[in-house]
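# Commentary on secondary and tertiary structure
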Amino acid sequence: MQKEKLKEITDLLAIEQSDRDSILSFDLPDDKSEYLKNCSHIFDNQDFEPATVSNSLSDKVVDFVTEINSKRCYLQNGFTSCNFENGITSSKIYDVFEAIANSSKSFSLVCNFDGSSQINNVEVNNLLRGVHPDKTLFCNNKFSVSVDNNQKAVYKFLTVSDSENPACQIAVTNIVVKSGAKFDLHLLNNINNKSSFVHRLNVTIEDNCEVKISNCNFNGKFVQTILNVNMIGEGSTLSAPGISMPTDNQVFDYLSFINHKVSNCTSNQKIRAIANGNGYSNFYGLVKVAQDAQKTQSDQVNNNILLSETAKIESKPQLEIYADDVKCSHGSTTGMLDSEAIFYMRSRGISEKAAQGLLIQAFTQEIVNEIDAENYGEVLNSLITQKLI
Amino acid sequence: MLEIKDLHASVEGKEILKGINLTIKPGEVHAIMGPNGSGKSTLASVLAGNEVFDVTSGEVTLDGKNLLNLKPEERAAEGIFLAFQYPVEIPGVSINNFMKTAINEQRKYKGLDPIPAPEFLKLIKEKKEFVELDKKLDGRSVNQGFSGGEKKKLEVFQMAVLNPKIAILDETDSGLDIDALRIVASGVNKLRNPQNSFIVITHYQRLLDYITPDVVHVLYNGRIIKTGDKNLALELENTGYDELKKEADALYN
């Protein structure tokens, strides 16, 4: 159902064939019925319109600037907010970014960390700004990031909205991390409750790389992250921490596929979700260890907390191992907050709400520590606190 | 100060407390003894406001204020403190953060501003020394990975920091070796003053060698069946509860 709807949307907006394939080619979990029931309504009965862009940047975007010394690229509805005439094919925004508009409807942003500039820390402020209260603004984007041999880079992709109008973005990010490089990618999704964001990431990791991919979901009607990682070079490590906090009727969906194709690589996924209200969180994670990928070490753990009777969490951690000398683990837990701990804290004068807050912050803090990006922990903690109020 | 009148409480429909009457004046230490299953810990939990128990009738007032309408956190701010028999581990919440939140929530209840940081640090340092809390526990999560003795010391530490009007010690002596017992008891003794009171719940006379009670009550089958001075505890150590139990059974059944 969802796939058909997506196809319809992409047809409608005449997205390039290659992008369309990329968006549609993700595999849904085997047991689709329940899963689709939760996702399909997202795209039903929506009247879409193509993205437009206005020049002003809102204060809210500026709030999200987390690094003082980083280079920023502001996108509004998928376009850079500098004047952009139809027909312009390429525009240098900053030293490391290159923006390419293929048509008025499709836009790509390329970011190369090749060592030619001194810049190794960038932020994309991806602002979704719906224009009409009852027409969903639609944008489709393609992003590319490459990190050259032995380079070190941090790339933050912060998706936010500053209006209450509906918007929908479908984005594909292709990332190549080359030999010996160190790359941190931080995804943050905090859009309004009428907007959706579907983001597929294809990540290729060569040898001896150190890669971190964090994914934090705070607000949005439907936020789906599809992470597809291919580890094709030996001696690389991947860590993928994540936090999801759906409330109200929010649906946050995280599908991850980690392919260990060669030996001596490590991957470590720690995903935590806290669902409240009618919130729904899904984690579907598959780690595949190929026959040649001996000495692979892989850990995947998904811990979840339900705060209400009506919140819903689904979790499916999976391992497929074809090699015989590997160390892999996976697991999942879902539960309520410890009522004894809550009473203990209340007996010290801490209100029930504050006690819950302390426990949830303790639960998320481990992940925030692992994400460990300069000045970013405070941003995450303040969003976590906001979700608890 | 604390007035308990005909207090009845039950859990899952089963009546545990069957009419407790108790008056505690400022500066007094009351010991509550009794065999297993007599309702001692239930009384402690009910006073602290544990919602697992249903209070079916009776009243509890602190300085004239009805406690039974208050939430556990409100009771704490009014000056009730429960030292748990089994202190709960709270992973990821540091002792300092926990104490700071507790102090500030209590201050908020009283309409006060949050405690200034230097004042807080001074208070914490002073009280840690007071209960001889090991420095290696600094920065650790509340009770996590603590030995039985360390957990009980942390309870006394919290009591010292929060400075309650009524402190209820629920079998604080259980699981303690003699050194830890001495430290816990001396902590309690140092906190004793004419304005505050203690309810010490214990199985054994041992703790009362260190903390001298003004009044000793024997709780059995949800009722206080005997009240006396500190000598009652000594007597019980020799005779056991059997005689008292027989008398009580004859009286109430």
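Residues numbered from 1 in each chain as written. Chains lettered and ligands numbered in written order. Predicted model: local features only at pLDDT ≥ 70, side-chain atom pairs only at ≥ 80, totals over all residues. Heavy atoms only, no water.

Moving on to the overall build of chain B. Each helix and strand counted, chain B has nine helices and twelve strands in total. Expected size for 253 residues packed as a compact globule is a radius of gyration near 18 Å; at 18 Å, chain B falls within 12% of this value. For chain B, the C-alpha atoms occupy an extent of roughly 60 × 40 × 35 Å along the three principal directions. Each of the 253 residues in chain B was classed as buried or not, and the buried ones make up 55%. Summarising the internal contacts of chain B: among those between residues at least 6 apart in sequence, 70% fall at separations of at least 24. In the form shown here, chain B has an accessible surface area of approximately 11,400 Å², with 48% of it arising from carbon and sulfur atoms. (Helix = DSSP H or I, 4+ residues; strand = E, 2+ residues; numbered from the N terminus. Rg over C-alpha atoms; globule rule 2.2 N^0.38 Å. Buried < 20%, exposed > 50% of the residue type's maximum accessible area, 1.4 Å probe, protein only. Contact = heavy atoms within 4.5 Å. Areas by Shrake-Rupley, 256 points an atom, 1.4 Å probe, with all protein chains shown as cover.)

Attention now goes to the overall build of chain A. A count of helices and strands for chain A gives seven helices and 21 strands. A burial count over chain A gives 59% of its 389 residues as buried. Of the roughly 15,200 Å² that chain A leaves accessible, carbon and sulfur atoms contribute 45%.

Residue and element names in this part refer to chain B. Taken together, the buried positions of helix α8 (residues 230-239) are occupied by L232, A233 and L236. Projected onto a plane normal to the axis of α8, the buried residues spread over an arc of 100° and lie on a single side. For α8, the secondary structure elements touched by its buried residues are β3 (29-33), α7 (206-210), β11 (215-220), β12 (223-228) and α9 (242-252). After α8 finishes, the residue G240 shows a positive phi value of roughly 80°. (Arc of directions from axis to C-beta.)

Further remarks concern the pattern of salt bridges. All names here are of chain B. Tallied over the entire structure, the rule returns 18 salt bridges over all chains. For R192, the salt bridge is made with D214, and the minimal N-O distance between the two is 3.7 Å. Of this pair, R192 sits in the loop between α6 (178-191) and β10 (197-201) while D214 sits in the loop between α7 and β11, placing them 22 residues apart in sequence. For R192, a relative accessible area of 27% puts it in the partly exposed group. (Salt bridge = Lys/Arg side-chain N within 4 Å of Asp/Glu carboxyl O.)

Next up on the list: the side chain of E150 of chain B. With respect to the secondary-structure elements, E150 of chain B resides in helix α5 (residues 148-162). From its side chain, E150 of chain B meets the backbone nitrogen of S147 of chain B in a polar contact 2.8 Å long. (Polar contact = N/O pair within 3.5 Å; in protein donor to acceptor, adjacent residues only side chain to side chain.)

In this section: the environment of T266 of chain A. As for its placement among the helices and strands, T266 of chain A is situated in strand β17 (residues 266-275). T266 of chain A has contacts with M231, S236, T237, L238, H260 and Q297 of chain A, leaving out every residue within four places of it along the chain.

Next up on the list: the sheet that holds β10 of chain B. The pairing of strands in a sheet happens through backbone hydrogen bonds and is either parallel or antiparallel. Residue and element names in this part refer to chain B. In spatial order, the strands read β6-β9-β10-β3-β11-β12; together these six strands make up an open sheet with mixed pairing. Each of the sheet's edge strands pairs with one partner strand only, and the pair in question is β6 (80-83) and β12. With strand direction ignored, the average angle separating the axes of adjacent strands in the sheet is 20°. With five bridges joining them, β11 and β12 adopt antiparallel strand pairing. Its bridge partner lying in β12, V218 is registered against K226. α8 contacts β3, β11 and β12 of the sheet and is inclined by roughly 45° relative to β11. (Pairing = 2+ DSSP bridges. Axes fitted to C-alpha atoms, helices over the stretch in contact; angles between N-to-C directions.)

Below, the discussion takes up the packing of helix α6 (residues 352-371) of chain A against helix α7 (residues 376-388) of chain A. All names here are of chain A. Contact geometry of α6 with α7 gives a least axis separation of 10 Å together with a crossing angle of 150°. Taken together, α6 and α7 sit at an angle that is classed as roughly antiparallel. The hand of the α6/α7 crossing is right-handed. Taking contact as the criterion, the partners of K353, G357, I360, Q361, T364, Q365, V368 and I371 in α6 are, on α7, Y376, G377, L380, N381, I384, T385 and L388. When its residues are assigned to classes, the contact of α6 with α7 shows seven nonpolar, seven polar and one charged. (Parallel < 35°, antiparallel > 145°, perpendicular 65-115°, else oblique. Left-handed = near helix turned anticlockwise from the far one by under 90°. Nonpolar A, V, L, I, M, F, W, Y, C, P; charged D, E, K, R; others polar.)

Below, the discussion takes up the sheet that holds strand β4 (residues 54-62) of chain B. Spatially, β2-β1-β4-β5 (chain B) is the arrangement adopted by the four strands of the open sheet, whose pairing is antiparallel. Two strands in the sheet have a free side with no partner beyond their single neighbour: β2 (14-24) and β5 (65-66) of chain B.

Before going further, it helps to spend a moment on the packing of aromatic side chains. Going through the model one piece at a time under the given rule, you end up with nine aromatic pairs over all chains. Plain terms: the ring middles of F157 of chain A and F197 of chain A are 6.4 Å apart, the flat faces sit at 15° to each other, and that makes the pair stacked. Of this pair, F157 of chain A sits in strand β9 (residues 152-161) while F197 of chain A sits in strand β12 (residues 196-205); the two residues are 40 residues apart in sequence, bridging distant segments of the chain. The pair F157 of chain A / F197 of chain A is uniform in exposure class, with both members buried. When the centroid spacing of 5.9 Å and the interplanar angle of 5° are considered together, the rings of Y344 of chain A and F98 of chain B count as stacked. Placement of Y344 of chain A in helix α5 (residues 339-346) and of F98 of chain B in helix α3 (residues 95-109) is noted, with the two residues assigned to different chains. A network of ring pairs unites the aromatic residues F343 and Y344 of chain A together with F84 and F98 of chain B as a single cluster. (Phe/Tyr/Trp six-rings, centres within 6.5 Å; stacked < 30°, edge-to-face > 60°.)

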